[in-house]
Amino acid sequence: MIALNPLPSVVDFNKLLGALVKMKHHSAALHLFDRMLERDAPVDLCTFNIAIDCFCHVNHVDFAFAILGNLVKRGIRPGVVTFSTLIKGLFLEGKVAEAQKLFLKLLREKICDLNEVTYLILINGLCKAGHTLRARDLLLILEKGRCKPDIKAYNTVIDSLCKDRMVDDALRIFSKLAEKGMSADVVTYNSLLHSLCNFCRWKEAKYLLNEMVAHKISPNVVTFSILVDAYCKEGLLKEAEDVFKIMRQLNVQPDVITYTALMDGYCLLGDMKKALEVFDSAVGMGLKPNIVTYNSLMNGYCKRGHVNEAWRLFLEIPCKGLEYTVVSYSTMMQGLFHVGRFTDGFKLFEEMQAQKLSPNIMTCGILLEGLCRAGRITEAFLFLRMMKGKGFSPNTVSYNIVIEGLCKHNKLDRAMHLFNELPSKDLQPDVITFTILIGAHCEEGKMQDAKDLLIRMEKSGCLPNSVTYNVFVQGFLKRNEPHDAIPLLEDMKRRGFSLDATTFTMFLDHLQVEGQDDILLKKVKKLVPKDV
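Residues numbered from 1 in each chain as written. Predicted model: local features only at pLDDT ≥ 70, side-chain atom pairs only at ≥ 80, totals over all residues. Heavy atoms only, no water.

A. Representation of the nonpolar core. Counting 100 residues, the largest nonpolar core has Leu 262, Leu 297, Met 332, Ile 403, Leu 437 and Phe 472 as its most contacted members. Residue contributions to this core peak at 7 residues, all from helix H25 (residues 431–443). (Core = buried A, V, L, I, M, F, W, Y, C linked by side-chain atoms within 4.5 Å. Buried < 20%, exposed > 50% of the residue type's maximum accessible area, 1.4 Å probe, protein only. Helix = DSSP H or I, 4+ residues; strand = E, 2+ residues; numbered from the N terminus.)

B. Just the side chain of Thr 433, in detail. Mapped onto the secondary structure, Thr 433 falls in helix H25. Here the side chain of Thr 433 touches Asn 400 through a polar contact of 2.6 Å, side chain to side chain. (Polar contact = N/O pair within 3.5 Å; in protein donor to acceptor, adjacent residues only side chain to side chain.)

C. Representation of helix H5 (residues 80–92). For H5, spanning 13 residues, the distance from its first C-alpha to its last is 18 Å, which sits close to the expected 18 Å at 1.5 Å a residue. With respect to burial, H5 is a largely interior element, 10 of its 13 residues being buried. Among the residues of H5, Val 80, Thr 82, Phe 83, Ser 84, Thr 85, Leu 86, Ile 87, Gly 89, Leu 90 and Phe 91 are the ones counted as buried. Where H5 is buried, its residues touch helix H3 (45–57), helix H4 (61–73), helix H6 (96–109) and helix H7 (116–128). (Expected span 1.5 Å × (residues − 1). Contact = heavy atoms within 4.5 Å.)

D. Structural context of the side chain of Thr 85. With respect to the helices and strands, the residue Thr 85 is situated in helix H5. Take Thr 85: its relative accessible area is 10%, and that puts it in the buried class. A polar atom in the side chain of Thr 85 sits 2.6 Å from the backbone oxygen of Val 81. If we ignore the near neighbours within four places in the chain, the residues touching Thr 85 are Ile 52, Asp 53 and Cys 56.

E. How the structure looks around helix H8 (residues 132–142). Taken residue by residue, H8 has Thr 132, Ala 135, Leu 138, Leu 139 and Leu 142 as its buried positions. For H8, the arc enclosing every buried residue in end-on projection is 120°, short of the 170-degree limit, so these residues lie on one face. For H8, the secondary structure elements touched by its buried residues are H6, H7 and helix H9 (151–163). (Arc of directions from axis to C-beta.)

F. Structural context of the environment of Pro 529. Within the element layout of this structure, Pro 529 appears in the segment after helix H30 (518–525). Residue contacts for Pro 529: discarding those within four places in its chain leaves Ser 498, Leu 499, Asp 500, Ala 501 and Phe 504.

G. Quick peek at the packing of helix H13 (residues 221–233) against helix H15 (residues 256–269). Their axes nearest at 9 Å, the elements H13 and H15 cross at an angle of 5°. Taken as axis vectors, H13 and H15 run roughly parallel relative to one another. Where H13 abuts H15, its residues Val 221, Ser 225, Val 228, Asp 229, Cys 232 and Lys 233 lie against Ile 257, Thr 258, Ala 261, Leu 262, Gly 265 and Leu 268. A per-class count over the contact of H13 with H15 returns 7 nonpolar, 3 polar and 2 charged. (Axes fitted to C-alpha atoms, helices over the stretch in contact; angles between N-to-C directions. Parallel < 35°, antiparallel > 145°, perpendicular 65-115°, else oblique. Nonpolar A, V, L, I, M, F, W, Y, C, P; charged D, E, K, R; others polar.)

H. Expanded view of the environment of Asn 14. Along the chain, Asn 14 falls in helix H1 (residues 10–22). Put simply, Asn 14 and Leu 313 are 299 residues apart on the chain and 48 Å apart in space, counted from C-alpha to C-alpha. A polar side-chain atom of Asn 14 sits 3.1 Å from a polar atom in the side chain of Asp 44.

I. Representation of unusual backbone geometry in the model. The phi angle at Lys 216 is positive, at roughly 60°, despite the residue not being glycine. Locating Lys 216 in the fold gives a position in the loop between helix H12 (202–214) and H13. Even without being glycine, Lys 356 reaches a positive phi, approximately 65°. Mapped onto the elements of the fold, Lys 356 is located in the loop between helix H20 (342–354) and helix H21 (361–373).

Rendered as C-alpha cells:
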C-alpha cells in the first residue's frame, strides 16, 4: 500500500492502521506510520492519535509525547482523544503523578474540552494504581463541573472501594446516585453484592438484590455466580443449587465461574463425588474448565488425603492447554507434604522455580511446613532467614510454622529465641504463637514458664482462646496436678469456653484412677463439651 503511486487517501491509511491496532499488532502499525512519514503520505489527527495509542501500548509514552510535538508542528490541533490517550499511557507506565499533572493542566488551561472518557481513564488509572480514595475525591470534584462523570466512572470507584474493603464508603456513593440523576446498573449492584457477601452482611445483600429486581435490573451470570459463591462458602449447598434452578428458569446460562463456585462448595464440604459431578456437568455443557477450576478440585482431593487423584488432575492441566499457576504448585505441594511424600513435594518446588514461577508468601509457608514435618528444621530455619532476600517479608504465620517445628523437635530454646525477635521484625506474636509455646513448655514440665507466658500474652493484649486453655490444662493433667488447673478452669468458665474432647477424657480418666474429687468434678461439670 505504501508503495502505490499515487498514494492512497488518509482515510484508507487510517483504516489499515486501525485494523492493525484491533489485532494488537502495535509494532506493525508503528512501522507503517514511520513509512508513511518517510513517503510524505497524507496524515491527519486520527493518524497521529493511532500512533500515540500504539506507543502507549508498547510502553513508550515518551515517544508518544514526541509524536505530539510533530503533530503541533504540522499545524494539527490535538484534541480530547489525543490527551486522553496520553493520560492512559502515563498510567500504563505507572507514572501516576505525571498523569494527574497533565489532567489538571488540561482542566486549568482549558486546552481542550474534556469528556466522560477522559474522566473514566483518570479515575480507572488511579484505582488500578491503588489510589482509590484519591479517585473518589476526584469524582466528587468532577460532579460539580459542567461535564459530569457517567455511571461507568461511579462504577469504577464503587468497585475499587469494595475491593479495598471500604464497602460502607461504596454504599454512601451508591445511595446518592439517584439524587444526581444517575441510574445504577447491574455492574453497580454486582460490585456491592460481592462485597456485602464477602463480609457476611446477608441482610443488606438480600435487600440490595430485592431493590435491584424492583428497579427492573435483570441479574446476569455475574450476579448469580456471586450468590452461588456466597452460599457455598457458608456451606449452604442446597441454596446454591436453587440459584442454579432460578438461572435456568430465567434462561441465564451458568458459566465456568458459576460451576467452579458450586464445585468448590462441595470440595469444602469434602463431597468429592458431587464436586466431580459438577465438573463433568460443566464439561457436558460445552464449558472449558479453567485453571481455577482445576486448582479448586485438586485442593478438595488434597484436603481429603486423595493425593493420587489430585496428582492426576495436576498432570492433566497442560494437556488441556492450561498453564500452571503458583496456586497449582502450592496446592499440590501441600497435599504431598500432608501425606508424608516430602521428596515429591520438594521436587515440585524445584520444578516450579524452573518454570520461572515465583513463590508467594503462601507457598513459602507451605514449604516451611513441609521442611518442618520432614524433620529438616535447620533448612526451615535458614529458609525463613532467606525469605527477605527472595522479596518476601516473613509474617507471624511464617514464624509460627518454624517455632512449632522447633518445639516438636525439642529445640525450645531456639523457638523462644525466634519468638523474642518478633518485635524487632515489626511483628507481634498472635494467639497461635503463644499457644504453641505454652504447650511446648508444658510438654517439658516447665509449668511456671508456661504461666509466665500466659501473663505476658494477656499483658500484650492478646487474649488466650479455648485452645490455649485446653493445652495448658492438659499440661497439668499429664503431670497429675489437676488442682493446679482449677484457676484456669475458672477463667474458662468466666470467658465462656468449654473443655475439648481430649481434655474432658483426660479428666474422666484421672477421676477414675484417683477416685471421687467433688471440687474438681464440680468445676469440670460446668465445662462439659457441647458435643458430649
